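# A look at the structure
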Amino acid sequence: MRKVSLFWVLLFSLLVGCGPRTSDSEGTAPPSERPLVIAAAADFSGPNELLSSSQLDHEIRSNLFLHLVQEQPDYQDSPPTFAPQLARNHSWSEDRLQLTFELREDLVWSDGTPITADDVRWTWEAQTSPEVGWVYSFVKDSIRDVEILDPHTVRFHFTRVYANQLLDANEGFILPKHAWSELPWAEWRGNAQWFQDHLVVSGPFTVDSWTPQQETVLAPNPRYHRPERPRLDRVVVRVLPDESARFRQFLSGDVDLLRSLPTDRLAEVEANPELTVREIDSRQYNFIAWNSLRPLFADAATRRALTQAIDRQALVDTLYGGRARVASSPFPANVWAHDASLEPWPYDPEAARRAFADLGWSDSDADGFLDRDGVAFSFELSTNTGNQLRRDALLMIQEQLARVGIDARPKFLEIQALIESNNSHEFDATLGAWGIDTSLDVSYAFHSSEIDGGANYGGYDNPRADELMNQISEVSEMAEAKPLFDELQQILHQDQPYTFLWEPPNLLGLNRRIRDAHPNALLMLFDLEDWSLVPHDRNGH
Amino acid sequence: MRLELRCSLALLLLLLLVAVAAPWLAPLDPNQQVDPAAARLLPPGSTRYLIDEGARTLAAEQLSPDQSEYLRLGSWRSVSDSAPQPRRFWLGTDRYGRDVASRVVYGARASLRVAVATTLVSLVLGLLVGGIAGWRGGLVDALLMRMADALFAFPQLFLVLAAAALWSTGELAIVVILGTTSWMETARITRSEILRIRGTDALDAVRGLGLSPPRILTHHLLPFVLPPVLIHTALRVGDIILIEASLSFLGFGIQPPNPSWGNLIAEATDVLDRAWWVAVFPGAALTLTVLAFGLLADGLADRLDPRRQG
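Residues numbered from 1 in each chain as written. Chains lettered and ligands numbered in written order. Predicted model: local features only at pLDDT ≥ 70, side-chain atom pairs only at ≥ 80, totals over all residues. Heavy atoms only, no water.

### Describing the packing of aromatic side chains
Using the following cut-off: Paired rings are identified among Phe, Tyr and Trp, the last through its six-membered ring, by centres lying within 6.5 Å, and are further divided according to the angle between planes into stacked (under 30 degrees), edge-to-face (over 60) and tilted (the rest). Secondary structure elements are taken from DSSP: a helix is a run of H or I of four residues or more, a strand is a run of E of two residues or more, and numbering for both begins at the N terminus. Burial classes: relative accessible area under 20% of the type maximum marks a residue as buried, over 50% as exposed, and values in between as partly exposed (1.4 Å probe, protein chains only). Remark: a charge is flagged as sitting over a ring if the NZ atom of Lys or the CZ atom of Arg is within 6 Å of the ring centre and within 35 degrees of the ring normal.
Under the definition given, this model contains 33 aromatic pairs over all chains. Taking 5.0 Å as the distance between ring centres and 75 degrees as the angle between the ring planes, the aromatic pair formed by A:Trp434 and A:Tyr444 counts as edge-to-face. Of this pair, A:Trp434 sits in strand 19 (residues 429-435) while A:Tyr444 sits in helix 14 (residues 443-446), and the two are ten residues apart along the sequence. Residue A:Trp434 is classed as buried on the basis of its relative accessible area, which comes to 2%. A residue is classified by how much of its surface remains accessible, and A:Tyr444, at 12% relative accessible area, is buried. Chaining the aromatic ring pairs together yields one cluster made of A:Tyr285, A:Phe287, A:Trp434, A:Tyr444, A:Phe446, A:Tyr457, A:Tyr460, A:Tyr498 and A:Phe500. For the cation-ring pair, A:Arg96 lies above A:Trp92, with the distance from its terminal atom to the ring centre recorded as 4.2 Å. Sitting over the face of the ring of B:Trp90, B:Arg88 holds its NZ or CZ atom 5.0 Å from the ring centroid.

### Here's the deal with the pairing of strand 4 (residues 87-92) of chain A
All names here are of chain A. Test applied: DSSP calls a pair of strands paired once it identifies at least 2 bridges connecting them.
Bridging between strand 4 and strand 5 (residues 98-103) involves five bridges; their strand directions are antiparallel. Paired with Ser91 across the bridge in strand 5 is Thr100. The antiparallel hairpin formed by strand 4 and strand 5 contains five residues in its connecting segment, where Arg96 sits at a positive phi of about 60 degrees.

### Side note on the sheet that holds strand 4 (residues 69-72) of chain B
Sheet strands associate in pairs through backbone hydrogen bonding, adopting either a parallel or an antiparallel arrangement. Residue and element names in this part refer to chain B. Strands sit in the order 3-4-5 across an open sheet of three strands; the sheet is antiparallel. Each of the sheet's edge strands pairs with one partner strand only, and the pair in question is strand 3 (62-63) and strand 5 (75-78). Of the pairings in the sheet, the one linking strand 4 to strand 5 comprises four bridges and is antiparallel in character. By the bridge assignment, Tyr70 is partnered in strand 5 with Arg77.

### Some remarks on unusual backbone geometry
A negative phi angle is the norm for most residues apart from glycine, just as the trans form is the norm for most peptide bonds. Residue A:Arg229 is joined to A:Pro230 through a cis peptide bond whose omega torsion reads -5 degrees. Inspection of the secondary structure assignment puts A:Pro230 in the loop between strand 9 (215-220) and strand 10 (235-239). For the peptide bond that leads from B:Pro256 to B:Pro257, omega is 10 degrees, which places it in the cis range. Within the secondary structure layout, B:Pro257 lies in the loop between helix 10 (213-249) and helix 11 (261-268). Phi is positive for A:Arg96, which is not a glycine, with a value near 60 degrees. In this fold, A:Arg96 is placed in the loop between strand 4 and strand 5. A positive phi angle is found at A:Asp373, which is not glycine, with a value near 50 degrees. By the secondary structure assignment, A:Asp373 is in the loop between strand 15 (371-372) and strand 16 (375-376).

### Observations regarding the interface of chain B and chain A
Worth spelling out the cut-off: Here, residues are in contact when the closest pair of their heavy atoms is within 4.5 Å. Values labelled buried area give the accessible surface lost by two parts on being combined, using a 1.4 Å probe and summing over both. Here a salt bridge means any side-chain nitrogen of Lys or Arg lying within 4 Å of a carboxyl oxygen belonging to Asp or Glu. What qualifies as a polar contact is a pair of N or O atoms within 3.5 Å, subject to a donor-acceptor requirement within protein and to the restriction that residues adjacent in sequence count only when both atoms come from side chains. Note that Gly is not counted as nonpolar here; it falls among the polar residues with everything else outside the nonpolar set of Ala, Val, Leu, Ile, Met, Phe, Trp, Tyr, Cys and Pro and the charged set of Asp, Glu, Lys and Arg.
With 17 residues of chain B at the interface, the matching set in chain A holds 18 residues. Taken together, both faces of the contact between chain B and chain A bury some 1600 Å²; the carbon and sulfur share is 45%. When the buried area of chain B at its contact with chain A is split by residue, B:Gln33, B:Arg56 and B:Tyr96 rank highest and sum to 30% of it. Counting across the interface, chain B meets chain A through three salt bridges. With a closest N to O distance of 2.9 Å, B:Arg95 and A:Asp392 form a salt bridge. Scanning the region where chain B abuts chain A turns up nine residue pairs in polar contact (both at pLDDT 80 or more). Tallied by class, the residues present in the side of chain B that touches chain A amount to six nonpolar, three polar and eight charged.

Function-wise, these values are silent; they only describe arrangement.
Dropping the structure here:
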């Protein structure tokens, strides 16, 4: 799940739908004439997660491969729990430097080969191989070795004790050594099709066919360890790049499940008796990062005043029909580490005006905008192109800031250009979004060591915040870090390196024919193996 | 004066008046977002009651008979701070709760300003280049005309987009970019008229009187050159407005939140199926203006072109 966090929410572009088909919510589905269709904005990039990753890829692969243990979506009140998956249990050594997994002995790959400790060790070798170049290999940095104790027992040796050891050991799907070790690691990159041609899986589904830029068809894995699952006999992931086309198909019933419903069109969905809207919790937040390396935003008092000049509730009401939450910290309110005592800065343009006046800003040339020492309070507020919601947000914020005499000029950049300008600190202010993962590591965005080469775009530098983030990374039990998380949030609240805008829900549109689906913030297709569809009526509806 | 000329002048005068009097004619600040959560995409003729609640101005759908409560976004609340002010949105609102009527009126300013300024720039450039080429002839003529041919060879929108991408956006930039890429036809017309007149006995006689070249140019050439050039220019104004609209549509023109007819139409594309009024009213204004300049060109041709006077 960790890899999801480092993507701009723009990249979470999976839009999902499914066609009507026959099934029985209580038992195994009879064959249906119409497969479940998942509509996606982008193409599946292949079954090997070490070569590429996107939210869509992760959703599909989560149904092809298993982890040692499965993270559960119960992170609201305490650190999440893990359910057995490939491993039936795990145990720690006294010094917590060794973590031992006992694998289930009855599990086999889809070609009948047993899943063993050898697969686990080989997966770790591949994940850490420089030749493979997995972008998330850093999560394995503290794992010294993976030792095979017997065919169904494997032990992870750590170099240090810290809270996320289980999370890091579990990161990444266990891959099939017997099938994929035939190709030398040095030849993996650029060879995604080879892994499809040599695909064996451990999860409920396998890839029946993969037609680039058209569709990926999933079919049940006949050797899945739950013989009565999956219930669906076919799932089609169809590439539909155009957003309005996806929405139209959803409305017409050709697509039955749609991720990221456009909020200004919810009424159309709700008016259709065959469709329903489901609000899924997400662990994301949108923000404006102020570039504190530039004199205009160097002062925390300026950044606080800017936050007070932005009517975030109006943004939430307009952009999400009131369904989002005003954000106050990088830990969304639904995550256990969130400091509930933290009150978002109120919308108070008068207080903002006073603060700017105290900082020496006034409209000396009567042009409607503040200036100081002959310099206008004017800056560019950038975001990516192709995202109507962000465009709306930017234009609303522009108007709100203009009310207190600030000239914020919207700037829309292609996503790669935006990332480059953010990474090189060549921006004034930028609107974006982060997803927070289970590790709750926010140092990539706020630690001073991440200014050069990291994602601390605004160059935020607070020694106490650095110290707290360091301490959090070293605690042995994550729950013990709650006071540290709270103090960190208080500091960020006062310093406002970001104006935390809103915490969006994930609005899923579902056709009512879908049954037993429990999408969550971790995965939309979390329990796809349990999904079913109600049968068609006589008219084929 | 012919009817079409009179109609076009009346229409243009009206448009000019609207543009000049925009601050008095527009019901609201064109950039003011009136409670977008509750007042976006309201159809033409909708009325909302504006209520100041703390730092916010809310748009209520309905008031209770004693005006102590208001209905907004499906729920009734008590009026606390100020008396509700009714506001009718004659042409509806856009996706940010902005008054479409005010934006169309203010959009006239930007669109006409860009059109007139651009036309002047291209007119001056075209007269200069065409005049020099036609008067001097020879190598100068060849060089200037090949330059015009080279610019002609590129589609104008491509040239304009390339220049806008490399340079900057904003009104002045648009005027300069459009003006410097749309003078070639004027130059060609000017040159051909001068070439035609240069070979006549009348011009030889004027030269024989010993008049200076500037005086010959202004008193004896321009009166012949201007009619066809002006007719062409009047036709071009409409084109310029359309190109500015295209640029705004592509994000290179007048920058948000400032309205031009082009960016009003551009912003309406996503809601066209739900809120026709956001595109139709600026579109109608644009059409009317282009039509007015077309009529003007036709009227001028009838009046100035001796061949069409029969």
